[in-house]
Amino acid sequence: MPVLVVVGTQWGDEGKGKIVDVLTEKADFVVRFQGGNNAGHTLVINQKKYILHLIPSGIFHPHTTCVIGNGVVVDPEVLIREIENLKKEGLEVSAKKLRVSERAHTIMPYHKALDLARENRASREKKGTKIGTTGRGIGPCYEDKAGRRGFRLIDLTYPEIFKEKLKTVLEEKNMLLEYLGAEKLDFQEIYEKYVYYGNYLKPYLTDVSRILWEAKRDGKKILFEGAQGTFLDIDHGTYPYVTSSNTLAGNACCGSGIGPCEIDRVLGIVKAYTTRVGEGPFPTELKDETGDYLRERGGEYGSTTGRPRRCGWLDLVLVKTAVRLNGIKGIALTKLDVLTGLDSIKVCTAYEYEGKVVDFVPSTLVEMAKLKPVYHELPGWKKDIKDARSLEDLPENTKNYLKFIQDYLEVPLYLVSTGPERENCLYLKNPFEK
Ligand code: IMP
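Residues numbered from 1 in each chain as written. Predicted model: local features only at pLDDT ≥ 70, side-chain atom pairs only at ≥ 80, totals over all residues. Heavy atoms only, no water.

Engineer: Looking at this structure, how should I read the packing of helix α5 (residues 159–179) against helix α6 (residues 187–201)?
Structural biologist: The geometry of α5 relative to α6 is characterised by a closest axis approach of 11 Å and an angle of 145° between their N-to-C directions. For the crossing formed where α5 meets α6, the hand is right-handed. Judged by residue contacts, P159, E160, F162, K163, L166, K167 and L170 of α5 engage F187, I190, Y191, Y194 and V195 from α6. (Axes fitted to C-alpha atoms, helices over the stretch in contact; angles between N-to-C directions. Helix = DSSP H or I, 4+ residues; strand = E, 2+ residues; numbered from the N terminus. Left-handed = near helix turned anticlockwise from the far one by under 90°. Contact = heavy atoms within 4.5 Å.)

Next up, the structure:
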């Protein structure tokens, strides 16, 4: 069972970083396949906090090769900064340890400028078109990729060809920036910077598909690390309040160049409650002191933007839909300890929609706005669960909460995370084993 895809089942920030980090101990390759530095993984290792935006957390393990697939949009400035910072910490970030797809698209300064200019305009004009993006240029970069105007990392290593195309593309971008009330950008500055980035990154660039094919052939354990979450998927999420890539497990194939039949299992990460950053529908949102309790206890502030996350009860209708969309065969439940101390815990098991009880996620914002969650209420627990080492160590009510989730989803629990440190985790099943 050597090829595993890990995806978030909610709106991102499910605590994937920690689970991926735990699984990385067993993996030979860790691969990112979509998104960019809009993602952020906070890891606590030996009480020290690390935040990574592009490089997979496998970088902390000496035996793991970290891979950035073609489906990722790479801000070279951010990637280089991450490499340099990790090197300063004494970690090996050689071109053997980190492989980056030469086909991955490059986030350009005008992508970031456009992302911000559009959001600012939407805020000014209050037209309800603000997405609440991370402002990292992710959407505009994917737009250019689909529009065939993009630059792939490999293109930066051909300065003459890059120069000509950049001139044409920048002309159009500057017109757009001016129209949106933002500053125009300077050609020479971008050109010189990006040729430098191309030179710096050249040794890391490779054909990722081939590397993964060889790894699979050699029986290596490969872990695909999804960024964001199922309901931020551009097709299956709460459009338009989504990110600009497919976040579903299926995109592990296109975003890295591995065939679908090579994937052995999909593991879904479920946070014990729900959060979302940015705008968009959120049926179980709590705008009261319980929401504040979850935010403070869970440290629910964006690791990329620092924005407070919106918090609410666990929505099992969403998660069960994510199970279907991703083909999830195992669950890792995270941040269970955050619920400790609550007298009772609610779980959404259906929605009320125009007087009827439904158990699906509708496609439109109009319908989503009409959903009222139908809750099942379970008793809470007071005992600290961080140091539990097996299910038996958990309070009866905690075990009942887990059982309820597992029964509803009809998918087994593989891991349960009970605190931020690596050792705060119950290992119920090994996702890499049959
Ligand atoms: P973008 O990906 O920056 O274009 O932002 C689009 C939407 O996705 C916004 O609501 C963001 O807050 C959200 N988003 C993007 N990346 C993440 C993430 O890693 N976790 C949670 N939300 C994210």
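Engineer: Looking at this model, I keep getting lost on the domain arrangement of the protein. Mind explaining?
Structural biologist: One frequent convention defines the size of an interface as the accessible area lost when the parts assemble. Once the domains are mapped, the protein shows domain 1 (3–96 + 207–427) and domain 2 (105–204). Look at where the C-alpha atoms of domain 1 and domain 2 centre, and you get two points 29 Å apart. Across the boundary between the two partners, domain 1 contributes 32 residues, which contact 23 residues of domain 2. Taken over both partners, the interface formed by domain 1 and domain 2 buries close to 2,300 Å², and the fraction arising from carbon and sulfur atoms is 58%. It is V73, P76 and I80 that lose the most area in domain 1 upon contact with domain 2, and together they represent 24% of the buried surface on that side. Remark: the boundary between domain 1 and domain 2 carries two salt bridges. A salt bridge links E77 to K112; the nearest nitrogen and oxygen atoms lie 3.9 Å apart. Counting across the domain 1 and domain 2 interface gives nine residue pairs in polar contact (both at pLDDT 80 or more). At the level of elements, β6 (73–74) and α2 (76–88) are the ones that each hand at least two residues to the side of domain 1 that touches domain 2. Sort the elements by how many residues they give to the side of domain 1 that touches domain 2 and α2 lands first, with seven residues. A per-class count over the side of domain 1 that touches domain 2 returns twelve nonpolar, 14 polar and six charged. (Domains from an automatic or database assignment. Buried area = accessible area lost by both parts, 1.4 Å probe. Salt bridge = Lys/Arg side-chain N within 4 Å of Asp/Glu carboxyl O. Polar contact = N/O pair within 3.5 Å; in protein donor to acceptor, adjacent residues only side chain to side chain. Nonpolar A, V, L, I, M, F, W, Y, C, P; charged D, E, K, R; others polar.)

Engineer: Help me out: how do you make sense of the pairing of strand β16 (residues 344–353) in this one?
Structural biologist: If a strand is regular, its side chains alternate between the two faces of the sheet. Among the ten residues of β16, seven are classified as buried, and the element is accordingly described as predominantly covered. Two strands pair when backbone bridges link them, and strand β14 (residues 314–315) and β16 are joined in this way by two bridges, in the parallel orientation. By the bridge assignment, D315 is partnered in β16 with C348. Where β16 meets strand β18 (residues 372–379), eight bridges bridge the pair, whose relative direction is antiparallel. By the bridge assignment, V347 is partnered in β18 with H376. Here β16 pairs with strand β17 (residues 356–358) via three bridges, running antiparallel. Bridge assignment links Y353 to a residue of β17, and that residue is K356. Once β16 ends, the chain turns through two residues before running back antiparallel as β17, passing E354 with a positive phi of about 45°. (Buried < 20%, exposed > 50% of the residue type's maximum accessible area, 1.4 Å probe, protein only. Pairing = 2+ DSSP bridges.)

Engineer: How should I be thinking about the environment of K382 in this particular structure?
Structural biologist: Here K382 lies in the loop between β18 and α12 (396–409). A relative accessible area of 54% means that K382 is categorised as exposed. For the pair K382 and T340, spaced 42 residues apart in sequence, the C-alpha to C-alpha distance is 5.5 Å. Within the structure, K382 has its side chain in polar contact with the backbone oxygen of G341 (distance 3.0 Å). Among the polar contacts listed, one links the side chain of K382 to the side chain of D343, at a separation of 2.6 Å.

Engineer: I tried to follow the pairing of strand β15 (residues 330–334) on my own but got confused; where do I start?
Structural biologist: Where burial is concerned, most of β15 is hidden: five out of the five residues are buried. Where burial is concerned, the two faces of β15 agree: the one with G330, A332 and T334 and the one with I331 and L333 are both buried.

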